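Summary of structural features
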Amino acid sequence: MFGTLYGVGIGPGDPELLTLKAVRIIGECPVIAVPGRVKENTVAYQIVKQAIPELDQKECLEIDFLMTKDAKRLEESHNAGAEQVISCLKEGKNIAFLTLGDPTVYATYIYIHKRVQQAGFSTEIINGITSFCAASARLNQGLVEQAEMLHVIPASYQIEEALKLPGVKVLMKAGKKMPQVKEKLQELDCSVMMVENCGMENEHVYMGVQEIPEDAGYYSLLIVKEKE
């Protein structure tokens, strides 16, 4: 009998935000998978280890994802990662793939999930607390109210048209595009807040576009609201 692949959302950074189900599934699986070459260096592993100290006793698949937009290289990377997972599933082992935030929201994991699923193996997604909900809670305010629309936008792509949408905009994964993102936001009459490394030891909160550093880390999330 083949194993099952679980895509486990572990939340944005605070180990106390792991759900009871995530902790149970991780504990029951003999194998974990992490996005990175060395498990100890991955943020996902570091977070979960704080909640599940015996994590280091489990077999671990280290899946090396490329950070590129080159379609061919990405395809090769995702195929290779899926093969690692499938090889383990064929041995009858269940795998908990540790995924920051929620696996359904801009998660690289989902590319592995789809390939494993298409190959005929059992898969299941375990939801985690999303980064934008955690960031809004950290700011001690609601995210959307009444009839407000919520738009979740990948900020490393073109955002000009998306910023014109009515309602609240969440900008994720700005990365190296932060200078360009700041430039576009400065053109708008809006309220901008950013939480960097939400729930982690090196967390920072920035109020206003001017405060946001152009070299902000990868785990930075912006919330853009229309001024009242």
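Everything numeric in this text was worked out from a predicted model, so none of it was measured. Along each chain, numbering runs from 1 in the same order as the chain's sequence is written. Only residues with pLDDT of 70 or above have their local features reported here, since the model is predicted, and side-chain atom pairs are shown and tallied only from 80 upward, although totals for entire chains, interfaces and linings are computed over all residues. In computing side-chain properties, one takes all heavy atoms of the structure into account and sets aside hydrogens as well as water.

1. So, the environment of tyrosine 111
Put simply, the test is: The helix and strand labels rest on DSSP assignments: H or I over at least four residues marks a helix, E over at least two residues marks a strand, and numbering proceeds from the N terminus.
Tracing the chain through its elements places tyrosine 111 in helix 4 (residues 109-118). Separated by 36 residues in the primary sequence, tyrosine 111 and glutamate 75 place their C-alpha atoms 9.1 Å from one another.

2. Topic: unusual backbone geometry
Only a minority of non-glycine residues have a phi that is not negative, and only a minority of peptide bonds are not trans. Here is the rule: For the exposure calls, accessible area comes from a 1.4 Å probe over protein chains only, and a residue counts as buried if that area is under 20% of its type's maximum, exposed if over 50%, partly exposed in between.
Look at lysine 173: it is not a glycine, yet its phi comes out positive at around 55°. One can find lysine 173 in the loop between strand 7 (168-172) and helix 6 (178-186). For lysine 173, a relative accessible area of 25% puts it in the partly exposed group. With a phi close to 55°, asparagine 197 is a non-glycine residue in the positive phi region. Here asparagine 197 is to be found in the loop between strand 8 (190-196) and strand 9 (204-207).

3. A word on the nonpolar core
Note the cut-off: Each nonpolar core is a collection of buried residues, namely Ala, Val, Leu, Ile, Met, Phe, Trp, Tyr and Cys, held together in the definition by side-chain atoms within 4.5 Å. Contacts are assigned to residue pairs with any non-hydrogen atoms lying within 4.5 Å of each other.
If you look at the biggest cluster of nonpolar residues, it comprises 21 residues, and the most contacted ones within it are Val8, Ile10, Ile26, Ile32, Val48, Leu55 and Leu98. If one sorts the elements of this core by residue count, helix 2 (residues 43-51) sits on top with four residues. With residues near it in sequence (within four places) discarded, valine 48 still touches Ile10, Leu18, Ile26, Leu55 and Leu98. If you look at the next biggest cluster of nonpolar residues, it comprises 19 residues, including Met178, Leu185, Met194 and Leu222.

4. Let's talk about the pattern of salt bridges
Going by this rule: Whenever a carboxyl oxygen of Asp or Glu lies within 4 Å of a side-chain nitrogen of Lys or Arg, that contact is scored as a salt bridge.
On inspection of all chains with the given rule, the structure shows eleven salt bridges. Its salt-bridge partner being glutamate 91, residue lysine 93 comes within 3.1 Å of it at the nearest N-O pair. The exposure class assigned to glutamate 91 is exposed, which follows from its relative accessible area of 52%. Its salt-bridge partner being arginine 138, residue glutamate 203 comes within 2.5 Å of it at the nearest N-O pair. With glutamate 203 in the loop between strand 8 and strand 9 and arginine 138 in helix 5 (residues 131-138), this residue pair connects regions lying 65 residues apart in the sequence. Using a relative accessible area of 21% as the deciding quantity, one classes glutamate 203 as partly exposed. The exposure class assigned to arginine 138 is partly exposed, which follows from its relative accessible area of 42%. Through salt bridges with shared partners, a single ionic network connects Glu59, Glu91 and Lys93.

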